[in-house]
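Residue-level structural notes
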Amino acid sequence: MKKSCQHIGLKVFVWLLVTIGVALGPISGPACAQSVADTFLAALPVSLGGLEQYIGPLLPTESIGNTFRSETGLAIIGAYPRYAMLRGKDVRELDLRDAMPMDGYPLRHDLYTNLRIWRLGLKAIYSDFDALNKQRNRGSFDFSGLTVGCDVDLVYQPWFQAGVGAEYHFYEPSLNTSIWNVPESQRFDINIQGKRPITAGAYARYIPPEILGFPVHGEAYFKFPVQGTKITSLGGALVFRPQIYRFDLGARLSLERTWLSFNGECPVANSADDWRLDTEWDFYGIQWLIYF
């Protein structure tokens, strides 16, 4: 039993060494890559090597450089606040859609890049999104800034890919506005700010040659909060593309539902009040893509 464990441990150690070598060292061509892949698989326990039929090849069958398939794009996203409640001790509950009053159909603009090398994806998104007070210059709910993330494909088949990822937001959501509290006949200013969110989640892509004669594939994802402002998202998209070649154009039609909430302290009527903002949003829009 001890020798068996040592044998498996040695294979795992060799596996790690080969993996690091592939990641750091250049691979000149498909023949060399295949040779490294064979060495890699030979060092694995049989049970792990057999996983390839389910999760795809553990090493690329071509050079790492040839696995570079990335995209960048610009998105215009329509938003609809299904729910936006502000709660505090002095003012128990306010519906911001009426009390703010919040713009019912704000727009979000995204600049997006995803650099994919083999199973790894590094992405960056800059979002410009604020839901303004209908009475202009009297504040807004703002959620704009830079987000970076990393995805890892756990399943990498030609027709299907699935994995996990994480995102870090370099900005804090904020609510800055003047509110008229009708029951109390009182107007007061609200300035609260959440903490930078960190989220994690899972995703899947179904990539057939075509659907109903069109070159299109489907995407779905789920994100949940890890730290900071609580953000939960559930979404999907249809991506229309001619072919997956370099410098091709495509378009993504997306639909997403997001739940966002955070706490913040703000003085009201000469006393500090702890506020909580709970919101639910529908986002739907189009993104123009360039594959490279």
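Everything discussed here concerns the structure shown above.
Everything numeric here is computed off the predicted structure, so don't read it as measured data.

What counts as what
- Residues numbered from 1 in each chain as written.
- Predicted model: local features only at pLDDT ≥ 70, side-chain atom pairs only at ≥ 80, totals over all residues.
- Heavy atoms only, no water.
- Helix = DSSP H or I, 4+ residues; strand = E, 2+ residues; numbered from the N terminus.
- Buried < 20%, exposed > 50% of the residue type's maximum accessible area, 1.4 Å probe, protein only.
- Contact = heavy atoms within 4.5 Å.
- Areas by Shrake-Rupley, 256 points an atom, 1.4 Å probe, with all protein chains shown as cover.
- Polar contact = N/O pair within 3.5 Å; in protein donor to acceptor, adjacent residues only side chain to side chain.
- Salt bridge = Lys/Arg side-chain N within 4 Å of Asp/Glu carboxyl O.
- Phe/Tyr/Trp six-rings, centres within 6.5 Å; stacked < 30°, edge-to-face > 60°.
- Core = buried A, V, L, I, M, F, W, Y, C linked by side-chain atoms within 4.5 Å.

1. Thoughts on the overall build of the protein chain
Helices and strands together make up the secondary structure of the protein chain, namely 5 helices and 14 strands. A burial count over the protein chain gives 43% of its 292 residues as buried. Of the contacts made within the protein chain by residues no fewer than 6 positions apart, 64% connect residues no fewer than 24 positions apart. Here the protein chain displays about 15900 Å² of accessible surface, and carbon together with sulfur accounts for 63% of that area.

2. A closer look at the side chain of S233
Topologically, S233 is positioned in strand β12 (residues 230-240). We classify S233 as buried; its relative accessible area is 5%. There is a polar contact of 3.2 Å between the side chain of S233 and the side chain of T258. Every residue in contact with S233, bar those within four places of it in the chain, is listed here: Y221, F222, K223, E256, R257 and T258.

3. Points about the pattern of salt bridges
As a working rule, side chains carrying opposite charge can pair if their charged atoms are close by. Applying the stated criterion to the full structure yields 17 salt bridges. Notably, a salt bridge pairs R82 with E280, separated by 3.0 Å at the nearest N-O pair. Taken together, the residues R82 in strand β1 (residues 71-87) and E280 in strand β14 (residues 271-291) connect sequence positions 198 residues apart. A relative accessible area of 36% places R82 in the partly exposed class. On the basis of relative accessible area, E280 is assigned to the buried category, the value being 16%. Where K123 meets E167, a salt bridge forms, and the shortest distance between an N and an O atom there is 3.0 Å. With K123 in strand β4 (residues 120-132) and E167 in strand β7 (residues 160-169), the pair connects residues that are 44 residues apart, well separated along the chain. Its relative accessible area of 15% is what places K123 among the buried residues. Sharing partners across several salt bridges, the network here consists of R82, R257, E280 and D282.

4. Structural notes on unusual backbone geometry
A cis amide bond links M100 to the next residue, P101, at an omega of -20 degrees. The backbone phi angle of W118 is positive, close to 55 degrees, even though this residue is not glycine. Topologically, W118 is positioned in the loop between β3 (107-117) and β4.

5. Looking at the packing of aromatic side chains
The full count for this structure, using the stated rule, is 12 aromatic pairs. Between W159 and Y206 the ring centres are 6.4 Å apart and the planes differ by 80 degrees, which places this aromatic pair in the edge-to-face class. Of this pair, W159 sits in the loop between β6 (145-156) and β7 while Y206 sits in strand β10 (residues 198-206), placing them 47 residues apart in sequence. W159 gets classed as partly exposed once you look at its relative accessible area, which sits at 48%.

6. Comments concerning the side chain of Q287
When you line up the elements, Q287 lands in strand β14. At a separation of 2.4 Å, a polar atom in the side chain of Q287 contacts the side chain of R252. Excluding residues within four positions of it along the chain, Q287 makes contact with G73, L74, A75, Y112, G250, A251 and R252.

7. Some words on the nonpolar core
In terms of nonpolar packing, the biggest core is built from 28 residues, with L86, L96, F141, L175 and I192 touching the most fellow members. Among the elements of the structure, β1, α5 (96-99), β4, β8 (174-181), β9 (186-193), β13 (248-268) and β14 are those that each provide at least two residues to this core. For this core, the element with the highest residue contribution is β1, accounting for 5 residues. When residues no more than four places from it in sequence are discounted, the contact partners of I192 are L86, P173, S174, L175, N176, F262, G264, E265, C266, W275 and L277.

8. So, the environment of I207
The topology assignment puts I207 in the loop between β10 and β11 (216-227). According to the relative accessible area criterion, I207 is buried, its value standing at 18%. For the pair I207 and V239, spaced 32 residues apart in the sequence, the C-alpha separation amounts to 9.6 Å. The contact partners of I207, leaving out residues within four places of it in the chain, are P158, W159, Q161, H217 and R241.

9. With respect to the environment of G56
In this structure, G56 sits in the loop between α4 (52-55) and β1. Between the C-alpha atoms of G56 and F160, which are 104 residues apart in sequence, the distance is 9.6 Å. Residues contacting G56, with those up to four places away along its chain left out, are L51, R119, Y156 and Q157.

Don't take any of this as a statement about function, it's just geometry.
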